Amino acid sequence: MSHEANRASKGEAMATPDVHLGGKLPAIPLDLLFKQLPVGICILDEQLRIHYLNPLYAKYLQQYLGVDPTTVVGRPWLEVMPLGPELRTQLRWLRTEGRSYHADEIPVGGNGKPISYWDVSLAPISLGETMGLLIASVDATERVTSRMDHRQKLEEEVEERTRELRTAIEDLRHLDELKANFLNAVSHELRTPLTAITGFAEFLEEGVAGDLNPKQKHYVTQILFGTERLLGLINDLLDYARMEAGRFSLSRAPVEFRELAKKVVSSLMPLAKRGKLSITLDFPPDLPELDADPDRLSQILTNLLSNALKFTPTGGKICVRAWQDDDQVEIEVADTGIGIPQDAMPKLFNRFFRVDQTLTVRGTGLGLPITKGLVEAHGGHIEVRSKVGKGSSFRFTLPIWSECSAEKKSPGDSRGR
């Protein structure tokens, strides 16, 4: 190895000129400057052979590539540095264009050698009569590996949280299934003796076991009223459990809403008369048939009218309206009742929610959640508008029956959810 090559391999500049900073400061040789920089410096000649490297660049070669820095001067830089195709392309482009280039976190290594990451800047430099390239490199390996370790740690934490969430979801799903099974079992177990109680009470009311005096008739009437209320509670629990589990079905058919509404109102007239309330129906003569399950639609209307009857003071009015809106029918149940406070509106369709627990009006708190679920199962939506002291208006939509409805109707399409 020549004396100059030996000096270059030890990090000494070859014929490096002095740098004049101006003023009274002394000139500083470039090799001294390069040795003090916290940057790895490598200079290539016009053939891209290593012409000079400072001590820090020599350290990089030794530490990351296992290359003896005393053997690299005069060798092609691309032979020493295992670079990717991008930097090789930039290198050829720099030779022809004479512009500088910078890239952060360039991976260096591979082919059995550990990967390190360098921030690299390339710029043309005059070497007297020829042009070379100055390469400034900063070790970014610690920064990159730290970020990668942090990312890996985050990914592991996310995976762990995901596993915990999956376990929690499975546990909740299992609890929901247990709850649904429990409600089904309890409801069925209650319904059987309740049916027997109702049957025997009706026998007594009809005089099958002999005539009853007025006091006895009053007791039997109270028994029937209680069993009817309990049966309603059981049906609500069963319906809600089935809806939560997605186990209820819709038997869709063309429904004449006018006739259905008349039947529902007729069944509720005794309650309306008891509270001296009026119920009116307001439908256009050409109202189209609905694509709905008639039994579930009767349940929706019954729930809304029952609520209106409960919360409308004596002498109040209730109106059921319906009109066509494009390919659906909008139905409204409006009353002149006590109204609903604005702070209760967002929770109105929550299960077991009651606007005022102190009210003497009885209920399970499941009527409106069930109603909402049934409307949405039909493909409609429900909303409420209310003002305290003025009354409430519940509006819901249902699709219109068409030939497409008949074509789509099949056992597989009848699932509620």
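Computed from a prediction, not measured in an experiment: that's the story for all the values here.

(A) Seen up close, a negative patch on the surface. A cluster of acidic residues, Glu155, Glu156, Glu157 and Glu159, forms a negative patch at the surface. Examined against the element boundaries, glutamate 156 turns out to sit in helix 6 (residues 141-205). Residue class for glutamate 156 comes out partly exposed when judged on its relative accessible area of 44%.

(B) Up close: the environment of phenylalanine 200. In this structure, phenylalanine 200 sits in helix 6. Remark: the alpha-carbon pair of phenylalanine 200 and valine 220, spanning 20 residues in sequence, is separated by 9.6 Å.

(C) How the structure looks around the nonpolar core. Membership of the largest hydrophobic core comes to 48 residues, with the highest contact counts inside it found for Phe257, Leu290, Leu297, Leu301, Leu305 and Phe396. Those residues in contact with phenylalanine 257 that sit more than four places away from it in its chain are Phe283, Leu287, Leu290, Leu297, Leu301, Val320, Ala322 and Ile331. Within the second largest apolar cluster, 30 residues are counted, among which are Leu48, Ala58, Val73 and Ala103.

(D) Layout of the packing of aromatic side chains. Throughout the structure, instances matching the rule amount to 6 aromatic pairs. Where tyrosine 60 meets tryptophan 118, the ring centres are 5.3 Å apart and the plane angle is 50 degrees; that geometry is what we call tilted. Of this pair, tyrosine 60 sits in helix 3 (residues 55-65) while tryptophan 118 sits in strand 6 (residues 113-126), and the two are 58 residues apart along the sequence. Relative accessible area serves as the criterion here: at 1%, tryptophan 118 is assigned to the buried category. By the ring-pair criterion, three or more aromatic residues cluster together here, those being Tyr57, Tyr60, Tyr64 and Trp118.

(E) Here's a closer look at the pairing of strand 4 (residues 50-53). Relative to strand 4, strand 3 (residues 40-44) runs antiparallel, the two being bridged by 3 bridges. Along strand 4, the bridge assignment pairs cysteine 42 with leucine 53. In sequence, strand 3 turns back onto strand 4 through a hairpin of 5 residues, with leucine 48 there showing a positive phi of about 65 degrees.

(F) View of the sheet that holds strand 14 (residues 391-399). Ordered by their spatial adjacency, 5 strands build an open sheet running 9-11-12-14-13, and the pairing between neighbours is mixed. Two strands in the sheet have a free side with no partner beyond their single neighbour: strand 9 (278-282) and strand 13 (382-387). With strand direction ignored, the average angle separating the axes of adjacent strands in the sheet is 15 degrees. Sheet topology places strand 13 next to strand 14; 6 bridges connect them, and they run antiparallel. Its bridge partner being in strand 14, glutamate 383 is matched across the sheet by arginine 395.

(G) Quick peek at the pattern of salt bridges. Applying the stated criterion across every chain, the model contains 15 salt bridges. Between arginine 75 and glutamate 79 there is a salt bridge, with its nearest N and O atoms 3.2 Å apart. The residue arginine 173 makes a salt bridge to glutamate 170 at a minimum N-O spacing of 3.0 Å. Taken together, the positions of arginine 173 and glutamate 170, both in helix 6 and 3 residues apart, correspond to about one turn of that helix. Here the residues in one salt-bridge network are Glu105, Asp119, Arg143 and Arg147, joined through shared partners.

(H) A look at unusual backbone geometry. Phi at lysine 276 takes a positive value of approximately 55 degrees, unusual for a residue other than glycine. Mapped onto the elements of the fold, lysine 276 is located in the loop between helix 8 (257-274) and strand 9.

(I) A look at a nonpolar patch on the surface. A contiguous nonpolar surface patch, about 300 Å² in accessible area, is contributed by Leu172, Leu175 and Leu178. With respect to the helices, strands and loops of the structure, leucine 172 is situated in helix 6.

(J) Here's a closer look at helix 3. Here helix 3 has its buried residues at Tyr57, Ala58, Tyr60, Leu61, Tyr64 and Leu65. Buried positions in helix 3, seen along its axis, are confined to an arc of 160 degrees and lie on one side of it. Within two residues after helix 3, glycine 66 carries a phi angle of roughly 65 degrees, on the positive side.

(K) Seen up close, the packing of helix 9 (residues 294-310) against helix 10 (residues 367-377). Relative orientation of the contacting elements helix 9 and helix 10 amounts to 145 degrees, with a least axis distance of 10 Å. Of the two possible hands of crossing, helix 9 and helix 10 adopt the one that is left-handed. Seen from helix 9, the contacting residues are Arg296, Gln299, Ile300, Asn303, Leu304 and Asn307; seen from helix 10, they are Gly367, Leu368, Ile370, Thr371, Leu374 and Val375. For the contact of helix 9 with helix 10, the class distribution of residues is 6 nonpolar, 5 polar and 1 charged.

(L) Just the environment of leucine 127, in detail. Secondary-structure assignment places leucine 127 in the loop between strand 6 and strand 7 (131-139). The partly exposed category is assigned to leucine 127, whose relative accessible area is 27%. In the structure, leucine 127 is positioned 76 residues away from histidine 51 in sequence and 9.9 Å away in space, judged by C-alpha atoms. Here leucine 127 is in contact with Ile43, Leu44, Asp45, His51 and Gly132, once residues within four sequence places are set aside.

Rules used in this analysis
- Residues numbered from 1 in each chain as written.
- Predicted model: local features only at pLDDT ≥ 70, side-chain atom pairs only at ≥ 80, totals over all residues.
- Heavy atoms only, no water.
- Patch = residues over 30% accessible without salt bridge, like charges linked within 9 Å, V, L, I, M, F, W, Y side chains within 5 Å.
- Areas by Shrake-Rupley, 256 points an atom, 1.4 Å probe, with all protein chains shown as cover.
- Salt bridge = Lys/Arg side-chain N within 4 Å of Asp/Glu carboxyl O.
- Lys, Arg positive; Asp, Glu negative; His and termini not counted.
- Charge placed at Lys NZ, Arg CZ, Asp CG, Glu CD.
- Helix = DSSP H or I, 4+ residues; strand = E, 2+ residues; numbered from the N terminus.
- Buried < 20%, exposed > 50% of the residue type's maximum accessible area, 1.4 Å probe, protein only.
- Core = buried A, V, L, I, M, F, W, Y, C linked by side-chain atoms within 4.5 Å.
- Contact = heavy atoms within 4.5 Å.
- Phe/Tyr/Trp six-rings, centres within 6.5 Å; stacked < 30°, edge-to-face > 60°.
- Pairing = 2+ DSSP bridges.
- Axes fitted to C-alpha atoms, helices over the stretch in contact; angles between N-to-C directions.
- Arc of directions from axis to C-beta.
- Left-handed = near helix turned anticlockwise from the far one by under 90°.
- Nonpolar A, V, L, I, M, F, W, Y, C, P; charged D, E, K, R; others polar.

Everything listed here is a matter of geometry and, on its own, says nothing about what the molecule does.
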